[in-house]
Each structure stands twice: as C-alpha cells, then as structure tokens.
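# Structural overview for review
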Amino acid sequence: MPTEILNQDFENIPTEEEEKAQVKRAKRPIFIFAGIFGGLLVILLAAAIFLGLNQGKNTAQIKSTPTPTPIPEIKEEITAPSPYATDEAVLKMEEEIKNLDQELTSADLKESGLNPPVLEMKIKFEK
Amino acid sequence: MKRYLPAFIFFLFFFLSSFSFIKAQEFNFSRAYNDYLFNYNQYRQSYSEYVATREAYLSYQTLTSKTQALEKTLKMLKDEDEVIRNYLTALRMKAAETTGISNDEQNILYLKLDNEVLWYTQHKESLNSAATLEDLVASGKKIAEKYQTTEILIYQTLGTILSGKETNFRNQLSDKIQQLKGKLGEIRQRGDKDTSLSERWLLEAENRLTRSQEKQFAAQQILAKIKSSDTNKSKSYNQAQFTLEESHQYLKEANSYLKEVLREIKSAD
C-alpha cells in the first residue's frame with residue numbers, strides 16, 4: 001500500500017489571530033453595506049419628514065381672521081386703599097356685580113327669533 | 001366573582017344607554033323651537049304649492065285641477081294649524097325656562113296657551129271632514145278670526161318673557177343693594193370710614209330700580225291694551241319692547257352705582 005504523502009505547508013498555517021483578522025476582513029463588506037443602507041434610510045426618513053412638514057405647511061389654509069381690536073379698559077387704580085380693599089366680602093360682591101354687569105350688557109331684550117310666524121291667512125278661489 | 005362581571009357590564013351599559021335615551025327625549029325650549037322651525041318651513045312649502053294649484057284651478061277650471069287645489073289647500077291649512085300650535089308650545093317652553101316670571105303669571109299663561117293649542121289641534125282634526133273648496137275657505141276664515149285673539153296672547157307672552165328677564169335682573173340688583181347696605185352699616189359701626197357718599201349712591205341705585213319697575217309696568221300696560229280689532233298689533237308690541245329697553249337701561253345705571261359704591265368702600269377717605 002502506498003503511503004499517503006502529506007503535502008502540508010506547516011509553516012503557513014495561520015495563527016489564531018490571523019484567522020480572526022481574516023473573518024473580520026470577510027465581514028467588512030457586510031458592515032459597510034449595512035452602514036450605507038442605514039445611512040440612506042435615515043436620510044430618506046429625514047427627507048420624508050421634512051417634505052411632509054413642508055407639504056402640511058403649504059396645504060394649510062390660512063383663515064382670514066379679523067385683527068382683534070383692543071378694547072381700552074379704563075381702570076382707575078385705587079391709589080390709597082381703605083382697610084376694606086382686601087375684605088373678602090367686598091371682593092366677593094365686586095366679582096358678583098362685575099358678572100351681573102356682563103349679564104346686563106349681553107341680555108337679549110328683543111328675542112327676535114321668537115317673533116310670530118308670518119302666515120298667509122287669506123284663502124279664496126275667486127279671481 | 002368573575003362570573004358576574006359580564007352581567008354587571010351589560011347592566012351598566014343598559015343603564016347608561018337608557019339614561020342617555022331619556023335625556024335625548026327631554027322636551028325643552030330648544031327642541032320645541034326646532035320643531036316649530038321645521039313646521040314653519042313645511043308650511044311655507046305647502047303654501048307655495050297651494051298658490052300654484054290655486055292658480056292652475058282658476059285658469060283651467062278642470063276637475064283634476066280642482067282636486068289638486070282641494071288637496072293642497074287642505075295640506076296648507078293643516079300645516080298652518082301645526083305651525084301655530086308648535087309656535088305656542090315653543091313660547092310656553094320659553095316662559096317655563098325664563099326665571100323672573102312668578103308662578104301665578106306662569107300658570108295663567110300656561111292655561112291660556114294650552115287652550116289655544118287645543119283649539120288649533122281640534123281645528124286641524126276638523127279639517128278632515130271638509131269635502132269641498134268652500135268648506136276649506138270657511139275653515140281658513142275660522143283660523144284667520146281665531147288668530148286675531150291668538151296674536152294678542154302671543155305678544156303678551158313675549159312681553160311677559162322679556163319682563164321676567166327684567167324682574168330677574170332687578171331682583172339680583174336688589175339683593176346686592178341689601179348686601180351693600182349691610183356692609184355699609186358694619187363699616188359705619190366701626191367708624192373707620194366715612195360711608196355718606198356710598199349711602200348716597202346706594203340711594204341712587206334704588207332710585208334707578210324704582211324707575212326701571214315703572215317702565216316695566218308701563219310696558220305691561222301697553223301690552224294689556226292690545227285689542228283683537230287692532231290691525232297692527234306688532235306696533236304696540238314694539239312700543240312695549242322699547243319701553244322695556246328703557247327699563248333695562250335704568251338697571252344698567254343702578255349696577256354702575258353699585259360699582260361706584262364698591263370703589264368708594266375700597267378707597268381710603
């Protein structure tokens with residue numbers, strides 16, 4: 001039986017470190033691809049968000065609202081307050097009177113919605 | 001315990017839904033008013049249909065046009081009854097929801113309004129027996145005559161509603177005057193502030209309340225004088241309404257005096 005000749009280059013057998021480096025080298029393209037893909041995704045997302053926001057801004061209808069007219073409220077400051085300026089009962093009455101004032105101003109004394117219906121009472125079949 | 005949970009949830013759901021159903025069925029002024037508006041629109045439509053069929057009948061004098069005219073006139077008259085009935089009901093609900101109308105006044109109004117509503121309900125039912133156009137014309141005349149007196153009740157009810165509002169405001173102001181009088185009495189007893197000016201303004205406020213009451217009484221007098229023979233009842237009502245606005249102006253003035261009283265109380269001598 002012929003003996004098997006082992007043709008191995010024992011000097012070139014990679015060490016453990018060399019093996020690890022080789023694996024790393026093999027995985028590098030995957031990392032690069034994942035990195036590029038992730039980066040693109042982030043850029044696309046950012047672009048979509050940016051465009052989406054801008055679109056919203058473009059389509060939003062600008063409602064014309066009248067500029068609020070400032071109502072000048074003349075408040076006479078009490079320069080010399082009496083001991084009753086902070087009296088709880090007085091302040092309560094002041095608040096109630098203020099509310100009553102608003103109610104008096106906004107009261108509907110016409111009730112125009114309740115005006116009698118307009119009815120056509122004349123029925124005739126003569127020319 | 002877990003066994004009863006579905007049953008409990010079911011009963012809770014049933015209870016809540018029945019509650020909301022009852023609430024939805026609640027009859028108030030808003031609902032009565034919407035009913036009235038719906039009926040009024042229906043009446044306007046049936047009136048225009050009546051006018052069209054009437055014109056067709058007067059032009060062609062055919063049996064078909066006569067039948068159509070009869071049908072549309074009947075519908076229009078029924079809708080007219082329904083509009084007035086719904087309007088009176090809305091007024092009744094408004095009077096019920098207005099604070100400031102005394103119970104006696106409310107009861108009298110309810111009685112009068114209910115009687116009117118009954119008349120229009122019966123009239124609507126009686127229309128079913130009308131067989132000819134002449135019957136319908138006679139029925140239309142009946143409503144027109146009745147509406148003369150109904151109009152008086154309408155304007156008086158509207159006046160009572162507006163007066164009720166005024167009375168409510170006046171009562172509130174009167175309460176505030178009493179409260180301020182009490183406070184001024186307290187301050188006077190302590191003697192740490194002069195109250196003479198505040199008391200004078202309080203008197204002025206009371207004066208305005210009296211004047212407001214007088215104007216309200218004058219408005220009620222105007223409304224009480226409306227007769228069924230008056231051709232322009234709305235004119236009297238507008239006059240009464242204007243008088244009530246004057247009454248309201250006095251109430252506003254009274255409130256301004258109260259504000260001044262408070263300002264005076266808060267300021268040192």
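Bear in mind that the values here come from a model prediction, so they are computed numbers and not experimental data.

In terms of regular secondary structure, chain A is built from 2 helices and 0 strands. Looking at the 127 residues of chain A, the share that counts as buried comes to 3%.

Turning next to the nonpolar core. All names here are of chain B. Ranked by size, the top nonpolar core spans 34 residues in total, and within it Tyr87, Ala90, Leu91, Tyr155 and Leu223 carry the most contacts. Those elements that place two or more of their residues in this core are helix H2 (29-60), helix H3 (63-97), helix H4 (103-126), helix H5 (133-190), helix H6 (196-224) and helix H7 (233-266). Here the element with the most residues in this core is H3; it accounts for 10 residues. Residue assignment places this core across two domains, with domain 1 (26-131) and domain 2 (150-269) each supplying three or more. Here Leu223 is in contact with Tyr155, Gln156, Gly159, Ser236, Tyr237 and Ala240, once residues within four sequence places are set aside. With 19 residues, the next largest nonpolar core counts Leu173, Leu209, Tyr257 and Val261 among its residues.

Residues and elements named next belong to chain B. Taking 1.5 Å per residue as the helical rise, H6 with its 29 residues ought to reach 42 Å, and the 42 Å between its terminal C-alpha atoms agrees with that figure. Within H6, burial applies to Ser198, Trp201, Leu202, Ala205, Arg208, Leu209, Ser212, Lys215, Gln216, Ala219 and Leu223. Along its buried surface, H6 packs onto H5 and H7.

The next point concerns the packing of H5 of chain B against H6 of chain B. Residues and elements named next belong to chain B. At a minimum axis separation of 10 Å, H5 and H6 run at an interaxial angle of 165°. Classified by the angle between their axes, H5 and H6 sit roughly antiparallel to one another. With respect to the hand of their crossing, H5 and H6 are arranged in left-handed fashion. Contacts between H5 and H6 involve Tyr155, Gln156, Gly159, Ser163, Glu166, Arg170, Leu173, Ser174, Ile177, Leu180, Lys181 and Leu184 from the former and Ser198, Glu199, Leu202, Ala205, Glu206, Leu209, Ser212, Gln213, Gln216, Ala219, Gln220 and Leu223 from the latter. A class-by-class count of the residues in the contact of H5 with H6 yields 10 nonpolar, 9 polar and 5 charged.

Residue and element names in this part refer to chain B. Each assigned domain of chain B is listed here: domain 1 (26-131) and domain 2 (150-269). Relative placement of domain 1 and domain 2: their C-alpha centres are 37 Å apart. At the junction of the two partners, domain 1 supplies 13 residues and domain 2 supplies 11 residues. Mapped onto the side of domain 1 that touches domain 2, the elements with two or more residues apiece are H3 and H4. In terms of residue count, the dominant contributor to the side of domain 1 that touches domain 2 is H4 (5 residues). Across the side of domain 1 that touches domain 2, the residue classes break down as 6 nonpolar, 3 polar and 4 charged.

A separate point is the environment of Lys24 of chain A. Position of Lys24 of chain A among the secondary structure elements: in helix H1 (residues 16-59). When the C-alpha atoms of Lys24 of chain A and Asn115 of chain A are compared, they prove to be 91 Å apart, with 91 residues separating the residues in sequence.

Listed per partner, the contact involves 30 residues of chain A and 47 residues of chain B. For the side of chain A that touches chain B, the per-class residue count stands at 21 nonpolar, 1 polar and 8 charged.

With 71% of its residues at a pLDDT of 70 or more, chain A shows a mean pLDDT of 78. For the stretch residues 56-60 of chain A, pLDDT sits under 50, and the model shows 0 contacts to residues farther than four places along the chain or on other chains.

Calculation criteria
Residues numbered from 1 in each chain as written. Chains lettered and ligands numbered in written order. Predicted model: local features only at pLDDT ≥ 70, side-chain atom pairs only at ≥ 80, totals over all residues. Helix = DSSP H or I, 4+ residues; strand = E, 2+ residues; numbered from the N terminus. Buried ≥ 20, exposed ≤ 12 C-beta atoms within 10 Å, placed from the backbone. Core = buried A, V, L, I, M, F, W, Y, C linked by C-beta atoms within 7 Å. Domains from an automatic or database assignment. Contact = placed C-beta atoms within 7 Å. Expected span 1.5 Å × (residues − 1). Axes fitted to C-alpha atoms, helices over the stretch in contact; angles between N-to-C directions. Parallel < 35°, antiparallel > 145°, perpendicular 65-115°, else oblique. Left-handed = near helix turned anticlockwise from the far one by under 90°. Nonpolar A, V, L, I, M, F, W, Y, C, P; charged D, E, K, R; others polar. pLDDT = per-residue confidence, 0-100.

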